[in-house]
Amino acid sequence: MPNRFTGKVCLVSGAGSGIGQETAISFARKGAKVIAADLNEEGARHTVSSIDAIGGEAVFIKSDISKRVDTEAMVQAALEHFGRLDHAVNCAGITGGVSIPTHEYPEDRWLQVIAVNLTGMWYSVKAQLNQMLKQGGGTIVNVASAAGLKGHPNNVSYSATKHGVIGLTKTAALEYATKHIRVNAVCPTAIETPMIMDGRLNLRNNQELLEKFTNEQAMMRMGQPKEVADVILWLSSDESSFITGHACQLMAVHLPSSWVVPGKKVNCKFG
Ligand SMILES: NC(=O)c1ccc[n+]([C@@H]2O[C@H](COP(=O)([O-])OP(=O)(O)OC[C@H]3O[C@@H](n4cnc5c(N)ncnc54)[C@H](O)[C@@H]3O)[C@@H](O)[C@H]2O)c1
């Protein structure tokens, strides 16, 4: 279905990098007009240029989702530029920052991760729901994580916030199910983006860890941003019209180390 989002308006946060960038471009390829929101101006402007280059329409808005006014401004930008908001994808997020057990985890990072990944998600969903209620419908897809489905050692703030995102998603799905607003989440594991390659684990610079990490994935490879974007688009489309409150697990969750085949070649473009 080449143009299944023609005439639709989609807001993507975290559109300046990784999964959000790929999602914004994928929506535009299928005909949607896109609001590309991110703190990262350079990345999001690149997303907008890429959409321009394929003949699509997109507008950048600089936003910090941990600020309520910014999340409201993201929705306002959709109305000002394109007159409505049909689909929202809340993809902006940060890692736990450091690998450290819970009793030693730094309070300042805890507060920061909660502010972005959980409070920022709630602000975003709240502003989007207010607009979708006025319009009589819409879809929201929140990007959680496999770390929201099970414990994630040495990553307590991230895992706690992603569990929270799933709770928020399921609750909102029930509340607005009769209002023609569907709310779902995706829960990726290892997707090859700057977050995972350069973030907490710094896999780009640690070949040994990259190999171990890759081999612990059920498919023994990392996922690509497009493989997540495709699911997000499906959850946003009428093809998933009877699905709401779902936390869609992408790529099976990490296997125990004992299951890993030693010496398997990593299937990853870095390293
Ligand atoms: N890459 C993975 O393996 C993986 C796995 C599970 C879940 N996720 C989730 O997917 C989402 C996207 O991650 P990614 O891998 O594409 O990472 P990424 O770092 O490539 O992209 C994240 C984007 O979010 C933006 N952002 C961060 N804080 C923000 C804020 N306060 N306001 C606005 N924008 C902000 C960043 O500037 C960046 O452009 C995140 O929510 C992440 O937790 C990623």
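See the structure printed just above.
All figures in this text were calculated on a predicted structure; none of them were measured in a lab.

## What to know about the sheet that holds strand S4 (residues 87-90)
And step 1. Within the open sheet, the seven strands sit side by side as S3-S2-S1-S4-S5-S6-S7. Their pairing is parallel. Two strands bound the open sheet, and with one partner strand each, they are strand S3 (57-62) and strand S7 (247-250). Strand-to-strand twist of the sheet, defined as the mean angle between neighbouring strand axes without regard to direction, takes the value 15°.
And step 2. Pairing of strand S6 (residues 181-188) with S7, which is carried by four bridges, proceeds in the parallel orientation. Of the residues in S7, the one forming a bridge with proline 188 is leucine 250.
And step 3. Against the sheet, helix H3 (residues 68-82) engages strand S1 (9-13), strand S2 (33-38) and S3, with an angle of about 150° to S3.
And step 4. Across the face of the sheet, helix H4 (residues 107-135) comes into contact with S1, S4, strand S5 (138-143) and S6 while running at roughly 170° to S5.

## Notes on the site of the ligand
And step 1. Taken together, 29 residues surround the ligand, and among them Ser17, Asp38, Tyr158, Ile191 and Thr193 come closest.
And step 2. At 2.5 Å, a side-chain N or O of threonine 193 approaches an oxygen atom of the ligand.
And step 3. Bound to the protein, the ligand loses 92% of the 820 Å² it would expose on its own.
And step 4. Every element with two or more residues in the shell around the ligand is listed here: helix H1 (18-29), helix H5 (156-176) and helix H6 (194-198).

## Description of the packing of aromatic side chains
And step 1. This model, assessed by the stated rule, comprises two aromatic pairs.
And step 2. Between tryptophan 122 and tyrosine 123 the ring centres are 5.7 Å apart and the planes differ by 35°, which places this aromatic pair in the tilted class.
And step 3. Using a relative accessible area of 44% as the deciding quantity, one classes tryptophan 122 as partly exposed.

## Details of the pattern of salt bridges
And step 1. Taken as a whole and judged by the stated rule, the model has 10 salt bridges.
And step 2. Here glutamate 41 makes a salt bridge to lysine 62, at a shortest N to O gap of 3.9 Å. Pair noted here: glutamate 41 is in helix H2 (residues 41-53) and lysine 62 is in strand S3, with a separation of 21 residues, a long-range link.
And step 3. Assessed through its relative accessible area of 48%, lysine 62 is described here as partly exposed.
And step 4. Its salt-bridge partner being glutamate 72, residue arginine 68 comes within 2.9 Å of it at the nearest N-O pair. Taken together, the residues arginine 68 and glutamate 72, both in helix H3 and four residues apart, mark about one turn of the helix.
And step 5. For arginine 68, a relative accessible area of 42% translates into the label partly exposed.
And step 6. In this structure glutamate 72 comes out as partly exposed when scored by relative accessible area, which is 37%.
And step 7. One salt-bridge network, held together by shared partners, links Glu41, Arg45 and Lys62.

What counts, and where the lines are drawn
Residues numbered from 1 in each chain as written. Predicted model: local features only at pLDDT ≥ 70, side-chain atom pairs only at ≥ 80, totals over all residues. Heavy atoms only, no water. Pairing = 2+ DSSP bridges. Helix = DSSP H or I, 4+ residues; strand = E, 2+ residues; numbered from the N terminus. Axes fitted to C-alpha atoms, helices over the stretch in contact; angles between N-to-C directions. Contact = heavy atoms within 4.5 Å. Near = heavy atom within 4 Å. Polar contact = N/O pair within 3.5 Å; in protein donor to acceptor, adjacent residues only side chain to side chain. Areas by Shrake-Rupley, 256 points an atom, 1.4 Å probe, with all protein chains shown as cover. Phe/Tyr/Trp six-rings, centres within 6.5 Å; stacked < 30°, edge-to-face > 60°. Buried < 20%, exposed > 50% of the residue type's maximum accessible area, 1.4 Å probe, protein only. Salt bridge = Lys/Arg side-chain N within 4 Å of Asp/Glu carboxyl O.

Keep in mind these numbers describe shape, not what the thing actually does.
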